[in-house]
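# Coordinate inspection notes
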Amino acid sequence: MADKWKHTALLVIDMQKDFIHEDGQMRVNGGRAIVPNVIKAVEVARHRGILVIWVVREHDPLGRDVELFRRHLYPVGKVGPTVKGSVGAELVDGLVIKEGDYKLVKTRFSAFFATHLHSFLQGAGIHNLVITGVQTPNCIRQTVFDAVALDYQPVTVIFDATAAATPDIHVANIVDMKNVGVAAPTLQEWCESDADLSGKKIEDHVHSA
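Presented here is a report on the structure given in the accompanying data block.

What follows covers the pairing of strand E5 (residues 155–163). Among the nine residues that make up E5, eight are buried, leaving the element largely enclosed by the rest of the structure. Relative to E5, strand E4 (residues 128–134) is paired through five bridges, and the arrangement is parallel. Paired with leucine 129 across the strands is valine 155, a residue of E5.

Its place among the elements puts valine 157 in strand E5. On the basis of relative accessible area, valine 157 is assigned to the buried category, the value being 1%. Sequence separation between valine 157 and threonine 132 is 25 residues, and the spatial gap between their C-alpha atoms is 6.4 Å. Among all residues touching valine 157, those that are not within four sequence positions of it are Ile131, Ile140, Val144, Thr162, Ile174, Met177, Val182, Ala183, Ala184 and Pro185.

In this section: the pattern of salt bridges. Using the criterion set out here, one finds nine salt bridges in the structure. Residue glutamate 90 is joined to lysine 17 by a salt bridge in which the shortest nitrogen-to-oxygen separation is 2.7 Å. Within this pair, whereas glutamate 90 is found in the loop between strand E2 (51–57) and strand E3 (102–106), its partner lysine 17 is found in helix H1 (residues 17–20), the two being separated by 73 residues in sequence. A salt bridge links arginine 141 to aspartate 176; the shortest N-O distance between them is 2.9 Å. Of this pair, arginine 141 sits in helix H4 (residues 136–149) while aspartate 176 sits in helix H5 (residues 167–178), and the two are 35 residues apart along the sequence. Overall, the relative accessible area of 24% leaves arginine 141 in the partly exposed class. Look at aspartate 176 and you get partly exposed, because its relative accessible area is 33%.

This part takes up helix H2 (residues 35–48). Over its 14 residues, H2 runs 20 Å from end to end, which matches the ideal 20 Å to within 8%, given 1.5 Å per residue. Among the residues of H2, those classed as buried are Val35, Val38, Ala41, Val42, Val44, Ala45 and Arg48. Buried residues in H2 make contact with strand E1 (8–13), H1, E2, E4, E5 and helix H6 (187–192). Glycine 49 occupies a position one or two residues after H2 and carries a positive phi of about 80°.

In this section: the sheet that holds E3. Strand pairing in a sheet takes place through backbone hydrogen bonds and is either antiparallel or parallel in direction. Taken in spatial order, the five strands make up an open sheet running E3-E2-E1-E4-E5, and their pairing is parallel. Because the sheet does not close on itself, it has two edges, and the strands there are E3 and E5. Across the sheet, the mean angle separating the axes of adjacent strands is 20° when strand polarity is ignored. Here six bridges tie E1 to E4, and the two strands are oriented parallel to one another. Within the sheet, the bridge partner assigned to valine 12 lies in E4 and is threonine 132.

What follows covers the packing of aromatic side chains. Under the defined criterion, the tally for this structure stands at three aromatic pairs. Taking the centre distance of 5.7 Å and the plane angle of 35° together, the rings of phenylalanine 112 and tyrosine 152 count as tilted. Of the two residues, phenylalanine 112 is situated in the loop between E3 and helix H3 (117–123) and tyrosine 152 in the loop between H4 and E5; the sequence distance between them amounts to 40 residues. Positioned over the ring face of tryptophan 190 is arginine 48, at 4.8 Å from the centre of the ring.

In the contact formed by H4 and H5, the axes pass within 10 Å of each other and the chain directions differ by 10°. With respect to H5, the element H4 is oriented roughly parallel. Residue-level contacts link Thr136, Pro137, Ile140, Arg141, Val144 and Phe145 of H4 to Ile169, His170, Asn173, Ile174, Asp176 and Met177 of H5. Each residue belonging to the contact of H4 with H5 can be placed in one class, and the counts come to seven nonpolar, three polar and two charged.

Conventions we followed
The residue count restarts for each chain, going from 1 along the sequence in the order it is written. Where local features are concerned, this predicted model is filtered to residues with pLDDT of at least 70; where side-chain atom pairs are given and counted, the filter is 80 or more; whole-chain, interface and lining totals use all residues. Remark: hydrogens and water are excluded; side-chain values derive from all non-hydrogen atoms of the structure. Any residue under 20% of the maximum accessible area for its type is buried, any over 50% is exposed, and the rest in between are partly exposed; the area is computed with a 1.4 Å probe on protein chains only. Every helix listed is a DSSP run of H or I at least four residues long, and every strand listed is a run of E at least two residues long, numbered separately from the N terminus. Two strands are said to pair when DSSP picks up at least two bridges between them. Note on definitions: a residue-residue contact is assigned when non-hydrogen atoms from the two residues lie within 4.5 Å. A pair is scored as a salt bridge if a Lys or Arg side-chain nitrogen falls within 4 Å of a carboxyl oxygen belonging to Asp or Glu. Here the expected span of a helix is defined as 1.5 Å times the quantity of residues minus one. Each axis is a line fitted through C-alpha atoms, taken for helices only over the stretch in contact, and angles between the N-to-C directions span 0 to 180 degrees. Between 30 and 60 degrees the pair is tilted, below 30 it is stacked and above 60 it is edge-to-face, where a pair is any two Phe, Tyr or Trp rings, Trp via its six-membered ring, whose centres lie within 6.5 Å. Distance and angle both matter: a charge sits over a ring if NZ of Lys or CZ of Arg is within 6 Å of the ring centre and within 35 degrees of the ring normal. Angular relationships are summarised with four words: roughly parallel below 35 degrees, roughly antiparallel beyond 145, roughly perpendicular across 65 to 115, and oblique for the angles in between. When residues are grouped by polarity, Ala, Val, Leu, Ile, Met, Phe, Trp, Tyr, Cys and Pro land in nonpolar, Asp, Glu, Lys and Arg in charged, and all others, Gly among them, in polar.

Purely spatial values, then, with no claim about function.
Here it is in structure tokens:
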């Protein structure tokens, strides 16, 4: 089992309390609903021997490493979104980093931007990526498009283990990613697969979403 998946990594993106909880400062409306599926995807990945990479935002308390358009959220005396060491930066309940997993901190939408992710994956012999987390039009999409540009193949986005503010936004972005060769199976389809789903068509569950 492990040999079959030894070139695959599962990226769990931004499943942090500030993005998922009802009172999170950057709450993604669809985020809470996918938590069970993300937990299941991690369990399946570990069973298969797939490397689990936790991609998180952790920011400077003064917001000096945040995008310019968000810096107003980090005034002196206030804890801004996903500040390093804050409750909001913690993973949601049920998601736990374990021995053998890898944690990657990012400060922009893409997990590849200004990080060592690409070199780490190359060193680990990884060229297949499976993506879960939030949110579809921002961190998921930009990470996926960078992965495609860097020639990772296949790139898979688990349709119901990723989410956006609305189902329509989610589906529209899934369609865009499908158009550049990305697979988008449901969690059940991915769990039942014996290999990658690079050729998996997603029309059925996209049109029914």
